[in-house]
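Residues per chain are reported as follows:
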Amino acid sequence: MASVRGVAVETALAATPEPSVESPKIDPAPLNVVRMTPPVEATLRILLNSVPYLIGAAVVRQPAVGDAVEAEVGRMPWLHDRRLLTLQLPDDSLPANRAILLDWPVPYQAEWVGVPPRLLISRLVTQDRTVGVLLGTLISRDQISTGAREALDLSCELIAAAVGSDSLATLSVPAPVDEPRRLVVVPDEAMPEPESSLVIAAPAESEPVLDPKDEQDERDRQVVDEVGRALDELTDARSIGRVLRDAVTAIAGVDGFSVALFNSVRREVAYRYKVVGADPDSAEMGRQAVDDGPDCYAARHDRRWHGFVREIGVRGPEGVEARKISVLQYPLIAADEVFGVATLQIFGDTGFSDHATRLVLRVIEVSSDRLAAVRRAARFQPSLTPPESAAAAVLPPVAAAPFLSSVNAATEAPTTDQILNDLVTKCTDIGLPTTFMVGVDPAAGLLRGELISNSPAARELDYALGISVGRFTIELSDRYNAIARACREGRIVTSPTLDELVHPLRDADGAATLERLVQGGRSTILPITVSGDVVGALVVGPMADEPGFSTVVKVRDLVNETASRLAEAWRTKR
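Residues numbered from 1 in each chain as written. Predicted model: local features only at pLDDT ≥ 70, side-chain atom pairs only at ≥ 80, totals over all residues. Heavy atoms only, no water.

**A few points about the pairing of strand 13 (residues 446–452)**
This is how the line gets drawn: Buried, partly exposed and exposed residues are distinguished by accessible area as a fraction of the type maximum, computed with a 1.4 Å probe on protein chains only: under 20%, between the cut-offs, and over 50%, respectively. Note on conventions: DSSP H or I runs of at least 4 residues are helices, E runs of at least 2 residues are strands, and numbering of each starts at the N terminus. Here a strand pair is declared whenever DSSP counts at least two bridges between the two strands.
Among the seven residues in strand 13, seven count as buried, and that is most of the element. Across six bridges, the pairing between strand 12 (residues 435–441) and strand 13 is antiparallel. Among the inter-strand pairings, methionine 437 is bridged to a residue of strand 13, identified as leucine 451. The hairpin turn running from strand 12 into strand 13, its antiparallel successor, is four residues long, and glycine 445 in that turn takes a positive phi close to 65 degrees. Where strand 13 lies against strand 14 (residues 473–475), three bridges are found, and the strand directions are antiparallel. Directly across from leucine 446, in strand 14, lies its bridge partner glutamate 475.

**Some thoughts on the side chain of threonine 126**
Selection criterion: Here, residues are in contact when the closest pair of their heavy atoms is within 4.5 Å.
When you line up the elements, threonine 126 lands in strand 5 (residues 118–126). Aside from chain neighbours lying at most four places away, what touches threonine 126 is Val131, Ala160, Ala161 and Gly164.

**Observations regarding empty space enclosed by the protein**
Think of a ball as big as a water molecule: rolled over the atoms, this probe shows where empty space is left. For clarity, the threshold we go by: For each structure, a 1 Å grid was placed over the protein atoms alone; sets of points admitting a 1.4 Å probe that cannot get out are labelled cavities, open sets with protein on both sides within 12 Å along at least five of seven lines are labelled pockets, and lining residues have an atom within 4 Å of a point. Grid points are joined across faces, edges and corners, and a volume is the space filled by probe spheres set on the points.
Under the definition given, this model contains five cavities of 30 Å³ or more. Around the largest cavity, the lining comprises 13 residues; the ones closest to its centre are His301, Leu420, Gly439, Val535 and Gly536. Looking at the lining of the largest cavity, the elements with two or more residues in it are helix 12 (416–429), strand 12, strand 17 (533–543) and helix 17 (549–572). The leading source of residues in the lining of the largest cavity is strand 12, at three residues.

**Considerations on unusual backbone geometry**
The residue after histidine 503, namely proline 504, is reached through a cis peptide bond having omega 0 degrees. Within the element layout of this structure, proline 504 appears in the loop between helix 15 (499–502) and helix 16 (508–518). Cis peptide bonds are those with omega within 30 degrees of zero, and the linkage from glycine 541 to proline 542 qualifies with 5 degrees. A positive phi angle, close to 55 degrees, is found at alanine 335, a residue other than glycine. Note on placement: alanine 335 falls in the loop between strand 10 (319–334) and strand 11 (337–347).

**Concerning the confidence of the model for the protein**
Applicable threshold: One confidence number per residue, pLDDT, is output by the predictor and ranges from 0 to 100.
Confidence along the protein averages 76 in pLDDT terms, with 74% of residues attaining 70 or more. Confidence scores differ between elements of the protein, with helix 10 (residues 390–393) showing the lowest mean pLDDT of 40 and strand 7 (residues 256–262) the highest of 92. Every residue in residues 1–29 scores below 50 in pLDDT, and together they form 36 contacts with partners more than four places removed in sequence or on other chains. A low-confidence stretch, residues 384–410 stays under pLDDT 50, and its non-local contacts, those more than four residues away or across chains, total 28 contacts.

**Things to note about the packing of aromatic side chains**
In plain terms, the rule: The aromatic pairing rule takes the rings of Phe, Tyr and Trp, using the six-membered ring of Trp, and pairs them if the centres are within 6.5 Å, calling planes under 30 degrees apart stacked, those over 60 edge-to-face and the rest tilted.
Scanning the entire structure with this criterion turns up two aromatic pairs. When the centroid spacing of 5.0 Å and the interplanar angle of 5 degrees are considered together, the rings of tyrosine 271 and phenylalanine 380 count as stacked. Here phenylalanine 380 lies in the loop between helix 9 (354–376) and helix 10 and tyrosine 271 lies in strand 8 (residues 269–276), a separation of 109 residues in the sequence. Look at tyrosine 271 and you get buried, because its relative accessible area is 10%. Phenylalanine 380 sits in the buried class, given a relative accessible area of 17%. Centroid distance phenylalanine 436 to phenylalanine 472: 6.0 Å. Interplanar angle 80 degrees. Geometry classified as edge-to-face.

**Some words on the pattern of salt bridges**
Two side chains that carry opposite charge are able to pair once their charged atoms sit near each other. In plain terms, the rule: When a carboxyl oxygen of Asp or Glu is within 4 Å of a side-chain nitrogen of Lys or Arg, the pair counts as a salt bridge.
Inspection of the entire model under this criterion finds 22 salt bridges. Its salt-bridge partner being aspartate 354, residue arginine 358 comes within 3.2 Å of it at the nearest N-O pair. Taken together, the residues arginine 358 and aspartate 354, both in helix 9 and four residues apart, mark about one turn of the helix. For glutamate 489, the salt bridge goes to arginine 491, with nearest N and O atoms at 2.4 Å. By relative accessible area, which is 41% here, arginine 491 ends up partly exposed. Through salt bridges with shared partners, a single ionic network connects Arg98, Asp153 and Glu157.

In structure tokens:
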């Protein structure tokens with residue numbers, strides 16, 4: 001229901017005569033929908049998930065440029081009404097970044113059943129300047145709850161900032177020479193985590209016209225440089241975690257963020273900085289923790305990041321409901337040592353965009369050396385005494401003399417990938433040209449393809465199944481897959497046909513075709529057990545004939561040797 005100002009706006013907007021019911025219906029020219037920037041898109045989708053009965057939203061620039069729409073998500077019949085696209089709102093017509101609801105007539109192009117929707121409208125203001133209008137479609141006559149109202153108002157402020165700056169460059173536009181910009185870190189306190197402290201600078205008055213790709217690359221570089229400058233004076237893990245929280249929230253719009261630093265002696269987490277949203281669902285996400293310890297999949301594998309989807313139960317008015325969460329984990333690496341994991345979480349199963357994933361990786365890499373230094377010095381919380389100089393506290397690993405021997409040992413120690421590649425190579429040397437390997441991802445409940453030998457038959461199998469690129473995924477609970485059964489039961493399993501290996505990725509006919517292609521379907525699966533946990537499996541095959549007993553014994557010895565090497569490597573690296 002609209003306020004006094006809202007009524008004035010509705011009256012002013014309604015001054016334009018409505019088309020008569022008898023008048024002919026002529027389809028208007030198609031709208032020019034401008035490609036939305038990642039912050040605007042992410043905030044609009046979060047807005048739709050946060051406000052009940054909101055099924056569509058759009059952003060219109062102010063001052064309007066023809067029929068240009070900055071961003072659109074969901075169902076928005078109002079965009080057919082040209083009066084809303086060319087709207088010029090006086091500054092006193094609507095409150096800044098606060099939404100009101102109007103009983104605005106639905107254009108004839110929209111087909112609705114039941115009660116007509118209400119128009120949600122908000123004037124987007126940033127730096128005392130009206131930059132656009134947020135329009136929404138609300139299919140409810142009920143009043144908006146307090147929580148939904150707060151989420152709506154916060155979304156308006158975020159969208160206004162993103163639209164006003166055109167992109168993520170709000171973090172990185174060059175500041176005046178006499179007043180350099182920096183990320184501000186608030187002092188330690190017992191209150192809830194503060195809002196993002198990134199300073200938003202006004203866009204430059206004139207900038208050269210660049211190619212869109214080059215322009216995005218330059219903005220990304222400036223964002224990374226800005227984060228690096230913000231870390232210059234920080235000497236504790238909590239302060240560094242806050243800067244990373246602000247940066248990844250601006251880049252990817254996350255609902256939860258954490259940094260876990262491992263103990264240098266024991267296989268456990270020594271310190272964890274963790275932040276989730278204030279809404280009940282985010283709090284429940286924080287209580288149902290994700291594995292980010294030394295034995296998690298991201299920490300055990302030499303990959304730049306690891307993404308998966310998990311499910312939590314959230315108690316709602318109709319009982320416990322399942323909510324899916326996209327998780328993205330980055331191993332923290334310094335001097336060839338995985339010393340921690342950074343975890344990003346967002347509600348939904350759509351995952352993170354490729355651009356956001358790679359930009360967050362660059363931000364994590366900038367902070368890795370400093371996090372490694374404060375972890376060595378055990379400086380997790382801000383010190384109550386005057387700290388040492390920043391240079392002394394966060395020396396890069398290669399410059400710290402007391403740690404030269406440990407750095408050299410870590411550099412010379414074989415990595416996980418090298419150890420596993422050695423196993424596949426040794427299997428080839430004893431006459432087994434078709435072998436491949438899968439890893440166990442317990443957090444996602446999946447088996448993932450890892451490595452495969454380089455024989456022609458193995459290359460054909462890899463081309464069909466995508467084992468080496470991680471597309472080969474099997475649920476660990478699958479009752480009909482022989483690899484999953486071997487990993488669950490921790491024992492050697494034989495498979496007479498290829499169908500038992502590739503179920504349910506291929507049906508019986510597809511498996512038979514693939515079996516003819518690789519000229520065999522018999523396989524033997526040997527689980528790889530490290531410190532009592534099954535971390536993967538070696539699949540000997542598929543091949544025309546089942547390997548003999550002596551061959552299986554040799555492979556079993558190789559697998560046990562590999563497990564011992566993995567245990568030693570993971571222990572010394574932590």
